[in-house]
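For reference, the chains in residue letters:
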Amino acid sequence: MAKEPEREPVEGTGLPASLEMAWGLRERPGKGPRPTLTLARIVEAAVTLAAAEGMDAVSMGRVAKELGVSTMSLYRYVTAKEELYILMADAGVGTPPAPSGVSGWRELLAEWAYAQRAVLMANSWIVRIPLTGAPVSPNQLAWMERGLAAMAGAALREGEKVSAIILIGGLVRNEATMVADMMDAIVKAGVSPDQVLGQYVRTLRLMTAPDTHPAVTRLLESDAFSGADEPDFQFRFGLDRILDGLAALISERSTP
C-alpha cells in the first residue's frame, strides 16, 4: 500500500501547536533523532490515568511520571494543561461510528445522539473536562460533521442545524454528567442505586404532604419511582421532545 503523503504545513490556523500536530499540520518539535516521546503517547498516558483515577489525577507532572520523563519534556508537545484536556477529550470520544443504515433525518439524529451517549457513559471522565470553546479537534469535528449531515435533507437553515446539534449534545452531556455525579456519590456512600432511590422516596414522604406539596404527593402516588421504566426512559423522553419540535418546524417549512 502506498504511503499517504504528508500534509503541507498550513500557516495562520490560529490553533495551538499541539492541535496542529493532531491535525497533521505541523512536524514534531525539535530536530535530530526521532524521540521516543510523542504527542500520541502523552495523550494515551493521560487518558489511561483519567480512566483509572479520574480527571483530578491528571496533571502535567503526573503524566510525565507515568511516562518516565521530565515534566518539561511534555511542554515541547503540549504548552498547557488545557491543551492536553482538549486532546484527551478528542481521543476519548474517538471517531463516530458509521451509520447503521437507517434513513431519515430523525432516525439519523437519534442514532447520532445515542452513539454520543454511549461514548460518554463509557468514558465518564470526559464530562469532567470543562468546555472552553467550539469543537476544533479532529474527532470532535467528525462528530459535528455527522450530526449536521444527518439533517442534510431537512428543511432547516444551516444555523438551525447547528442549534439542533448543540441542543441534543447538551442533553447528552447533561445526562452523562448527572449519571457520573450520582455514581460518584453512590460509590462514596457504599450503597446500591436502589437503596439511594428508596431513601429519597422515604425522605420525600416524610417532608411533604398533600396540602403543602400536592404535585409531589401525586408523583409519589404514581409509579414514577417503581423502577418499571426502562433505564434510558429519561433520555429517550427528552430526545423525542427535541426531535418532535424539529419535526414541527420542518413540517411548517414544508407546507406550501
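Residues numbered from 1 in each chain as written. Predicted model: local features only at pLDDT ≥ 70, side-chain atom pairs only at ≥ 80, totals over all residues. Heavy atoms only, no water.

1. Looking at the packing of aromatic side chains
- Applying the stated criterion across every chain yields a total of three aromatic pairs.
- Where Tyr 200 meets Phe 225, the ring centres are 6.1 Å apart and the plane angle is 80°; that geometry is what we call edge-to-face. Here Tyr 200, found in helix H9 (residues 193-207), pairs with Phe 225, found in the loop between helix H10 (214-221) and helix H11 (233-254); they are 25 residues apart in sequence, far enough to count as distant.
- Over the aromatic face of Phe 237 sits the side chain of Arg 241, whose NZ or CZ is 5.0 Å from the ring centroid. (Phe/Tyr/Trp six-rings, centres within 6.5 Å; stacked < 30°, edge-to-face > 60°. Helix = DSSP H or I, 4+ residues; strand = E, 2+ residues; numbered from the N terminus. Lys NZ or Arg CZ within 6 Å of the ring centre and 35° of its normal.)

2. Overview of the pattern of salt bridges
- Under the counting rule described, the total for this entry stands at 11 salt bridges.
- Among the ionic pairs, Glu 160 bridges to Arg 157, the shortest N-O distance being 3.0 Å.
- A relative accessible area of 53% places Arg 157 in the exposed class.
- A cluster of three or more residues bridged by salt bridges with shared partners is formed by Arg 106, Asp 240, Arg 241 and Asp 244. (Salt bridge = Lys/Arg side-chain N within 4 Å of Asp/Glu carboxyl O. Buried < 20%, exposed > 50% of the residue type's maximum accessible area, 1.4 Å probe, protein only.)

3. What about helix H5 (residues 81-93)?
- Its 13 residues give H5 an end-to-end C-alpha distance of 18 Å, which sits within 8% of 18 Å, the value for a rise of 1.5 Å per residue.
- Within H5, the full set of buried residues consists of Glu 83, Leu 84, Tyr 85, Leu 87, Met 88, Ala 89, Asp 90, Gly 92 and Val 93.
- Along its buried surface, H5 packs onto helix H1 (17-22), helix H2 (39-53), helix H3 (60-67), helix H6 (105-122) and helix H7 (138-150). (Expected span 1.5 Å × (residues − 1). Contact = heavy atoms within 4.5 Å.)

4. Examining H11
- Relative to the 32 Å expected for 22 residues at 1.5 Å per residue, H11 spans 31 Å between its end C-alpha atoms, a close match to the ideal helical length.
- Within the span of H11, buried status applies to Phe 235, Gly 238, Leu 239, Ile 242, Leu 243, Leu 246 and Ile 250. Across the axial projection of H11, the buried residues extend over an arc of 125°, all falling on one side. The exposed set on the far side of H11, more than 90 degrees from its buried face, consists of Gln 234 and Glu 252.
- The inward-facing, buried residues of H11 abut H6 and helix H8 (158-189). (Arc of directions from axis to C-beta.)

5. Re the nonpolar core
- Of all hydrophobic cores here, the largest spans 56 residues; its most connected members are Val 58, Val 63, Leu 84, Met 88, Leu 109 and Ile 168.
- At the level of elements, H1, H2, H3, H5, H6, H7, H8 and H11 are the ones that each hand at least two residues to this core.
- The residues contacting Ile 168, other than those within four sequence positions of it, are Leu 109, Trp 112, Ala 113, Leu 239, Ile 242 and Leu 243. (Core = buried A, V, L, I, M, F, W, Y, C linked by side-chain atoms within 4.5 Å.)

6. Description of the side chain of Glu 175
- Within the secondary structure, Glu 175 sits in helix H8.
- When near neighbours in sequence (up to four residues on either side) are disregarded, Glu 175 contacts Arg 117, Met 121 and Phe 235.

7. Description of the side chain of Gln 116
- With respect to the secondary-structure elements, Gln 116 resides in helix H6.
- Leave out the neighbours within four places in its chain, and Gln 116 touches Trp 143, Gly 169 and Val 172.

8. Things to note about the confidence of the model for the chain
- Looking at the chain, pLDDT values average 87 and 89% of them are 70 or higher.
- When the elements of the chain are averaged for pLDDT, H1 gives the smallest value, 80, and H6 the largest, 96.
- Contacts of residues 1-10 to residues separated by more than four positions or lying in other chains number eight contacts, the stretch itself having pLDDT below 50. (pLDDT = per-residue confidence, 0-100.)

9. A short note on the packing of H7 against H8
- With their axes 9 Å apart at the nearest point, H7 and H8 run at an angle of 120° to one another. By the angle between their axes, H7 is oblique relative to H8. You can see that H7 and H8 cross each other, and the crossing is right-handed. Every residue of H8 that contacts H7 at Met 144, Gly 147 and Leu 148 is listed here: Lys 161, Val 162 and Ile 165.
- Of the residues contributing to the contact of H7 with H8, the split by class is four nonpolar, one polar and one charged. (Axes fitted to C-alpha atoms, helices over the stretch in contact; angles between N-to-C directions. Parallel < 35°, antiparallel > 145°, perpendicular 65-115°, else oblique. Left-handed = near helix turned anticlockwise from the far one by under 90°. Nonpolar A, V, L, I, M, F, W, Y, C, P; charged D, E, K, R; others polar.)

10. Considering the packing of H6 against H11
- Following both chains from N to C, one finds H6 and H11 inclined at 150°, their axes separated by 11 Å at the closest point. The angle between the axes of H6 and H11 places the two elements in the roughly antiparallel class. For H6 against H11, the interelement crossing comes out right-handed. Between H6 and H11, the contacting residues are Trp 105, Arg 106, Leu 109, Ala 110, Ala 113, Tyr 114 and Arg 117 on the first element and Phe 235, Arg 236, Leu 239, Asp 240, Leu 243, Asp 244, Leu 246, Ala 247 and Ile 250 on the second.

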